[in-house]
Amino acid sequence: MKKLLIIPLIIIIAAGFALTSCAEPVEEPAPAPAPAPAPAPEPAPAPEPEPEPGPAPAPAPEPEPVRPAPYGTLTIATTDFGVEATDPLLFESNWGMYMYDSLLAFNDVGEYVGEVAEDWNLSEDGLTWTFYIRKGMKFHNGDPVTANDVYFSLDRFTSPESKNPWSNQPRDERESMSVVDDYTFEFVTKTPQPQLVDTWCWLRILPKNYFESIGQDEFRLNPVGSGPWKFVEHIPETSFTMEAYTEYWRPEHVPYFQYLVDLQVPEEATQVAMLKRGEIDIPFGITTDRRVELEEEGFESRIQDLAPCTILAIIGSHLEGAGAVYDIRIRKALSYAINRQELCDTYWRGDAKPGGRFFLSEGGYGVTPDLLEPDSYDPELAKSLMAEAGYPDAFAKPTIVAFTTAGPGVDMWQAIMGYWDKAGFQTELKIVDMAIYLQYVFLQALQGDEEYLGYIWSWAGSAFNGTAYCRNMYTSYGIHQVTVNDEVTALYDKFVMELDPDKAVQYYTDWQRAAKELCTSVGIAFVEPKLVVSDEVGDFTINPHMRFMDAACGVKHRGQ
């Protein structure tokens, strides 16, 4: 605050008057001597220079708006609950992704970040992983999250009983593990495994004490986790209900809705009707055509997840019992016969582009343009390859069999098989329950006499780093049993044990290229991941790069 120095100047002038009286003349007095000059006044001190004006003070920050407590119910519709698992050991629990936190996670630019483990490191020899568990986290029942829970969860995860697709690598590489103290955990591998960092993002942490006190069967009926949603009720083949966990360790991830209800609704028409009546908020079982129709009627859509690539994969094509697809010429002919651009323009209504590979994304780890480049549409080349291979007469099993579940995937498969029929293939499409579908896809190993040997399935997904996914697809010990080839597997082993990051990324690319050459799986298209929503649903604000289960906590109310 400026202080002004004010010095008053007071000048006092005194005047005197001389009086003379009428008296005898007297001598005129001598003139008075001239008065001495008054001393010059001292100059007033110079005023202090005013300081240079500084920047205006920043305005006081606006107070953070008070976030209301969760309210309302977010209702979604799923075509088929499948195995209805709450235990991550059973293939992978979709519902568990809502309720359980993972050991690590990755952010929206693909960087690995802490979750249950606040920090971690890998020893210089690439063998010992040390995790520092976040303090203050609690499970839904109030138990603290500790290193003992991590040990317990990983011990189950790497057990022979686990059917989780992420279990294979840590199970195969587990040398030892230990609890150093309540908040420090170590995992030691048999060989250097720096790429395990991706698998740790899929390890869900369960409460050891609660689980052991009630047993596995009871836990599956009444699960407890530490995630943003907690279990309320499960009615088999009908509904699964969760409630917002308001004590979640990340306050910004506390859900906006109080309840989330997942309904099993097999028929697309029923999902559409329920959406229009306001009975559901997000239908997950509708085709692109229905979504576009709903958008034209005024419903809004949201984009969630990285653009997934739809792929086709062949089970056990390395075995002669697979039939015609055992011949690489037939596998290539199947790919050349598909008009991907037409599928993008018609089936996906312009919301897709041709190309892609299993869980690879543009700009992802080790991904080069040639890996994502689609095969051209060349029906004449397809017919030429078929003739060269002697199709169909040269094969005891000439029929090309694909399988899918009821729902939007049926229309896509009918379109693809239309191209194959036109090229001259004999085809069959099987519609199976989700539990059977998962059994075929996550089959772990082949004996060579399975009915589904040579069957073709589809999947859609994308990732910043496809290592863990593609290990299951493109190695001899992968659970999908799609690419069983010693040379390709050797390239994976070379990549996965490399500690030099620059060399590792090149080895990854080499491995992916070698796998692509075998044509055991092919990319069809990258599809924009749109979800139509009710007029009660607002913005999606959390984890835009992940699946809905990891993002539902950030779904706002309309206008919120």
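For every chain, the first residue of its written sequence is number 1, and the numbers climb from 1 along that sequence. Two thresholds apply to this predicted model, a pLDDT of at least 70 for residue-level local features and 80 or more for giving and counting side-chain atom pairs, whereas whole-chain, interface and lining totals are computed over all residues. Calculation of side-chain values draws on the structure's entire complement of heavy atoms; hydrogens and water are dropped beforehand.

(A) Main features of the environment of Thr475. Tracing the backbone through its elements, the reader meets Thr475 in the loop between helix H15 (467-473) and helix H16 (486-496). Through-space distance from the C-alpha of Thr475 to that of Asp493 is 9.1 Å; in sequence the pair is 18 residues apart. Each residue touching Thr475, except ones within four places of it in the same chain, is listed here: Cys470, Thr483, Thr489, Tyr492 and Trp511. The definition of a polar contact used here is a pair of N or O atoms within 3.5 Å, where within protein one atom must be able to donate a hydrogen and the other to accept one, and adjacent residues in sequence count solely through side-chain atom pairs. A distance of 3.1 Å separates a polar atom in the side chain of Thr475 from the backbone nitrogen of Gly478. Numbering of helices and strands runs from the N terminus; a helix is a DSSP stretch of H or I covering at least four residues, while a strand is a stretch of E covering at least two. Whether two residues touch is decided by their heavy atoms; if any such pair falls within 4.5 Å, the residues are in contact.

(B) Fine view of the sheet that holds strand S6 (residues 174-181). When DSSP finds two or more bridges between two strands, those strands count as paired. On the basis of which strands lie adjacent, the open sheet formed by four strands has the order S4-S5-S7-S6 and antiparallel pairing. Looking along the sheet, the strands with just one partner apiece sit at the ends: strand S4 (117-122) and S6. Direction aside, neighbouring strands of the sheet carry axes that sit 15° apart on average. Two elements, S4 and strand S5 (residues 128-133), share five bridges in a ladder whose sense is antiparallel. By the bridge assignment, Asn121 is partnered in S5 with Thr130. Where helices are involved, their axes are fitted lines through C-alpha atoms of the stretch in contact, as for all axes, and angles between N-to-C directions lie from 0 to 180°. The strands touched by helix H2 (residues 147-157) within the sheet are S5, S6 and strand S7 (184-189), with S6 carrying the most contacts at an inclination of about 165°.

(C) A look at empty space enclosed by the protein. Buriedness of a pocket was judged along seven lines, with at least five required to meet protein on both sides within 12 Å; pockets are open sets of points on a 1 Å grid over the protein atoms alone, cavities are sets where a 1.4 Å probe fits but cannot get out, and lining residues have an atom within 4 Å of a point. Grid points are joined across faces, edges and corners, and a volume is the space filled by probe spheres set on the points. Considering all chains together, one arrives at four cavities of 30 Å³ or more under this definition. By volume, the second largest cavity amounts to about 90 Å³. Residue lining of the second largest cavity: Leu312, Ile314, Arg331, Leu334, Ser335, Ile338, Trp420, Ile456, Cys519, Thr520, Ser521 and Val522, and that is the complete set. Going through the elements one at a time, strand S13 (309-314), helix H9 (328-336) and strand S18 (521-527) are the ones with two or more residues in the lining of the second largest cavity. Three classes are used, and their members are as follows: Ala, Val, Leu, Ile, Met, Phe, Trp, Tyr, Cys and Pro are nonpolar, Asp, Glu, Lys and Arg are charged, and the others, Gly among them, are polar. Of the residues belonging to the lining of the second largest cavity, the class tally is eight nonpolar, three polar and one charged.

(D) Spotlight on the environment of Pro354. Position of Pro354 among the secondary structure elements: in strand S14 (residues 352-354). C-alpha of Pro354 to C-alpha of Gly523: the two residues are 169 residues apart in sequence and 7.9 Å apart in space. Here Pro354 is in contact with Arg340, Gln341, Cys344, Pro374, Ile524 and Ala525, once residues within four sequence places are set aside.

(E) Broad picture of helix H13 (residues 409-423). Compared with an ideal rise of 1.5 Å per residue, which puts 15 residues at 21 Å, H13 spans 22 Å between its outermost C-alpha atoms and is within 8% of the ideal. Residue exposure (1.4 Å probe, protein chains only): buried if accessible area is under 20% of the type maximum, exposed if over 50%, otherwise partly exposed. Every buried residue of H13 is listed here: Val410, Met412, Trp413, Ile416, Met417, Tyr419, Trp420 and Ala423. Within two residues after H13, Gly424 carries a phi angle of roughly 110°, on the positive side. Multiplying 1.5 Å by the helix residue count minus one yields the expected span of that helix.

(F) Inspection of the packing of H16 against helix H17 (residues 501-517) at higher detail. At a minimum axis separation of 8 Å, H16 and H17 run at an interaxial angle of 165°. When the axis of H16 is compared with that of H17, the two are roughly antiparallel. Where H16 crosses over H17, the two elements pack in a sense that is left-handed. Contacts between H16 and H17 involve Val488, Leu491, Tyr492, Lys494 and Phe495 on the former and, on the latter, Ala504, Tyr507, Tyr508, Asp510, Trp511, Ala514 and Ala515. For the contact of H16 with H17, the per-class residue count stands at 10 nonpolar, no polar and two charged. Note on angle classes: values under 35 degrees are labelled roughly parallel, values over 145 roughly antiparallel, values of 65 to 115 roughly perpendicular, and the remainder oblique. Handedness of a helix crossing follows the sense of rotation of the near helix relative to the far helix, less than a right angle counterclockwise being left-handed and clockwise being right-handed.

(G) Examining the sheet that holds strand S11 (residues 282-283) more closely. The strand order across the open sheet formed by five strands is S8-S9-S10-S1-S11, and the pairing between neighbours is mixed. Of all the strands in the sheet, the pair left with one neighbour each is strand S8 (229-235) and S11. By the bridge criterion, six bridges tie S8 to strand S9 (residues 239-244) in an arrangement that is antiparallel. Counted as the bridge partner of Glu233 is Thr241 from S9.

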